[in-house]
Number of protein chains: 2
Amino acid sequence: MRIVVDAMGGDQAPAAAVEGAFLAARAFGRPIVLVGRAPDIEAELARHGASGLDIAVAHAADVIGMNELSPAAAVRRHPDNSISHGLRMVRHGEAEAFVTAGHTGATMAAAALNLGRIHGVSRAAVATPFPTLGGPCILLDVGANVEVKPVYLLQFGIMGAILAERVLGIADPRVGLLTIGEERGKGTPAVQAALPLLERSNLNFVGNIEGRDIPSGNVDVAVTDGFTGNIIVKFAEGTGALVREILREAATGDPISMLGGLLMRSAWRRASQRMDYRAYGGATLLGVRGVVVIGHGRSDAEAVKTAIGVAVRAVENRLVAAIEAGVASTAGLASPVDDAPEPAPALAAS
Amino acid sequence: MRIVVDAMGGDQAPAAAVEGAFLAARAFGRPIVLVGRAPDIEAELARHGASGLDIAVAHAADVIGMNELSPAAAVRRHPDNSISHGLRMVRHGEAEAFVTAGHTGATMAAAALNLGRIHGVSRAAVATPFPTLGGPCILLDVGANVEVKPVYLLQFGIMGAILAERVLGIADPRVGLLTIGEERGKGTPAVQAALPLLERSNLNFVGNIEGRDIPSGNVDVAVTDGFTGNIIVKFAEGTGALVREILREAATGDPISMLGGLLMRSAWRRASQRMDYRAYGGATLLGVRGVVVIGHGRSDAEAVKTAIGVAVRAVENRLVAAIEAGVASTAGLASPVDDAPEPAPALAAS
């Protein structure tokens, strides 16, 4: 098994990506290829004494910026960007997985162009773990598909459950359909039509769920469209920043609170870690022909290592083959019209 | 000005509602009518020494439960429930505003039946304030309208801005359209088509916003459909509970952290209050012919008093008339088809 790691992705690239690859090579004992501008990568590698570790370098001349507003166009304009280059290595069998902390939209667009979808999958989806009091809850889709058909939601449930089981090690994961009430008949027409499909699947499907069921940990997988999911992910990020700032102000407002804050420092750090979804290794692009893990843009070396660990488990546990089999097993549930994979994937969030 | 307060609404009814009305009558000096089961209300009033305050009682025999799954049906089946009774008093000019901590869906359904929409308004919407580091950010719609047309989103922007200005006292409120990217062309077809309508309005419209712009306080009003908005509100509630629990565990995990937690107790309380959207008095139902404030079901007496304060400001500052004028001023912006108010409001979240 070889893992390709995008050396140029993320706010702290290439330093964090290279150091993360170094930590992962040591921890997991798997060969790693760093893709990107070779001179930059080699300069970073030299700082870590990586000799003895199986870390190779693949040169890609171009870089897609983190703030690229038209990632799909940028990917087409610069075909030798590090993301596309790494994904082509997976496509050509030179590696089994691709890990990046780079641009999510660019990764989706490059995967559509260079990797393609798994047979039977209507739409690729981005799945992100959320912290709960128990283990993580996986939310998907969070970016790729603004408008969904019922069969997409069914397939998101299947792919999310396989991710939860194979990568997070959750046995028989509980899957819920995100909407605005637990009763039948709640939500958009697509959500209402997806409910019977999910009920007839062999998933451990708990039915409709509401927004609070994500953080409460009442399900392991929450299924939604990419519009709602993307807004929730970004709302959660912003809320996390707000909570940290309000608590920081509370802990520095007066001398007694400052002393209290100092005494709580280590408890505080543990609490932050529990709420930090980077602990779970970032998002996974599901439904494409290869393992693709998208770490958060703010990933440090430890987060990159964790993301590589997710990729290792996904390859070891045959995530892609399991998704192909899972989707095939439900091919008869939806109507033929909804069921047919469509030729042109809409990458609306790219 | 008279304010009708639902004595039977909320988890702590009638005690919290009656005490809240008592506090509000003393604080705001406005006549209040408590609507609900008269014997229950009078027993509570007797505990507060309300003589000298202008608090009347209107008897309504029925109560809609907080967990009613079919609120629209329940409202029709029990026409003399306290919510419908109170709203009819507003309709008949016996009061200027209605305040409840009861069932949101039941209040929307009862308002559609007993109050009706403002002339020119296509859909009523529920608006909820969210905490930010600055003042609150109003999100709407959070419950009534699962599927929206562009003109609904335009009108949500107008109604939200008027609420922000007249009730929260925010001058020239910044309005944003919630979607999955700041660039043009992001989001559902309805969102994409609403963008030029909002741009051509006379609102202080900042354009597309993302989920993180709500907690960051980058806008005063965030416009979305009732499906997305409802999921965000409930996700935020659940996340608040998760954060409180994780911090509670952090502050009780070991003796040093416990001491730190004790020293931080008052700072903690201030921080919680800043994050508690009940501080802003709950949600407002906009677009109906009367002021309707819906406090949170967990409202205590202080929260009920705050909700009554919102209603007082809304009446004083002529919220309903301002919405009618605001909507009329943009009647030419949308196509005639989209623009026509529709006869049958869809209360999908009821």
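Source: prediction; values computed, not measured.

Next up on the list: unusual backbone geometry. A13 of chain A connects to P14 of chain A through a cis peptide bond whose omega is 0°. Structurally, P14 of chain A can be placed in the loop between β1 (3–6) and α1 (15–28). In this model, R318 of chain B sits at a positive phi of 55°, which is unusual for a non-glycine residue. With respect to the helices and strands, the residue R318 of chain B is situated in the loop between α11 (301–316) and α12 (319–329). For R318 of chain B, a count of 14 C-beta atoms within 10 Å translates into the label partly exposed.

All names here are of chain A. If you walk across this open sheet you meet the 11 strands as β3-β2-β1-β4-β11-β10-β5-β6-β9-β7-β8, and the pairing is mixed. Both outer strands of the open sheet, β3 (55–59) and β8 (204–209), are each paired with one neighbouring strand and no more. Neighbouring strand axes in the sheet, compared pairwise and without regard to direction, differ in orientation by 25° on average.

We now examine α1 of chain A. Here α1 of chain A contains 14 residues, and its C-alpha end-to-end distance of 20 Å stays within 8% of the 20 Å for a straight helix at 1.5 Å per residue. Taken together, the buried positions of α1 of chain A are A16, A17, V18, E19, G20, A21, F22, A24 and A25 of chain A.

The next point concerns the relation of the copies chain B and chain A. Its rotation angle being 180°, the transformation that places chain B on chain A also includes 0.0 Å of axial translation and leaves an RMSD of 0.0 Å. Such a combination of turn and shift is consistent with a two-fold rotation axis. In terms of C-alpha distance to the rotation axis, chain B has G260 of chain B as its closest residue, with the C-alpha 1.8 Å off the axis. In this assembly the copies share their binding face: 100% of the residues contributing to the interface of chain B also contribute to that of chain A.

Turning next to the confidence of the model for chain A. Of the residues in chain A, 95% have a pLDDT of 70 or more, and the chain-wide mean is 90. Across the interface, the model reports ipTM at 0.90; the global pTM reads 0.91.

This part covers the pairing of strand β4 (residues 97–100) of chain A. Across a regular strand the side chains alternate sides, sitting on one face of the sheet and then on the other. Residues and elements named next belong to chain A. What you see with β4 is no split at all: A97 and V99 on one side and F98 and T100 on the other are buried throughout. Of the pairings in the sheet, the one linking β1 to β4 comprises 3 bridges and is parallel in character. Its bridge partner lying in β4, I3 is registered against A97. Pairing geometry for β4 and strand β11 (residues 291–294), over 4 bridges, is parallel. Note that in β11 the partner of T100 across the bridge is I294.

Take α12 of chain B next. Residues and elements named next belong to chain B. Every buried residue belonging to α12 is among L319, V320, I323, G326 and V327, and all of these are buried. Along α12, the residues classed as buried sweep out an arc of 125° about the axis, all on the same side. Residues of α12 that are buried make contact with α6 (150–166), β10 (283–286), β11 (291–294) and α11.

We now examine the pairing of β8 of chain A. Residue and element names in this part refer to chain A. Examined bridge by bridge, strand β7 (residues 174–178) and β8 share 5 bridges and lie parallel to one another. Along β8, the bridge assignment pairs L178 with I209. As a crossover connection, the stretch from β7 through helix α7 (residues 189–200) into β8 is right-handed.

Turning next to the environment of A241 of chain B. Residue and element names in this part refer to chain B. By the secondary structure assignment, A241 is in helix α8 (residues 226–250). The partly exposed category is assigned to A241, around which 14 C-beta atoms lie within 10 Å. Linking A241 and L69, residues 172 residues apart in sequence, is a C-alpha distance of 23 Å.

Thresholds applied
- Residues numbered from 1 in each chain as written.
- Chains lettered and ligands numbered in written order.
- Predicted model: local features only at pLDDT ≥ 70, side-chain atom pairs only at ≥ 80, totals over all residues.
- Helix = DSSP H or I, 4+ residues; strand = E, 2+ residues; numbered from the N terminus.
- Buried ≥ 20, exposed ≤ 12 C-beta atoms within 10 Å, placed from the backbone.
- Pairing = 2+ DSSP bridges.
- Axes fitted to C-alpha atoms, helices over the stretch in contact; angles between N-to-C directions.
- Expected span 1.5 Å × (residues − 1).
- Least-squares fit on C-alpha atoms with pLDDT ≥ 70 in both.
- Contact = placed C-beta atoms within 7 Å.
- pLDDT = per-residue confidence, 0-100.
- Arc of directions from axis to C-beta.
- Right-handed = clockwise from strand over helix to strand, strands pointing away.

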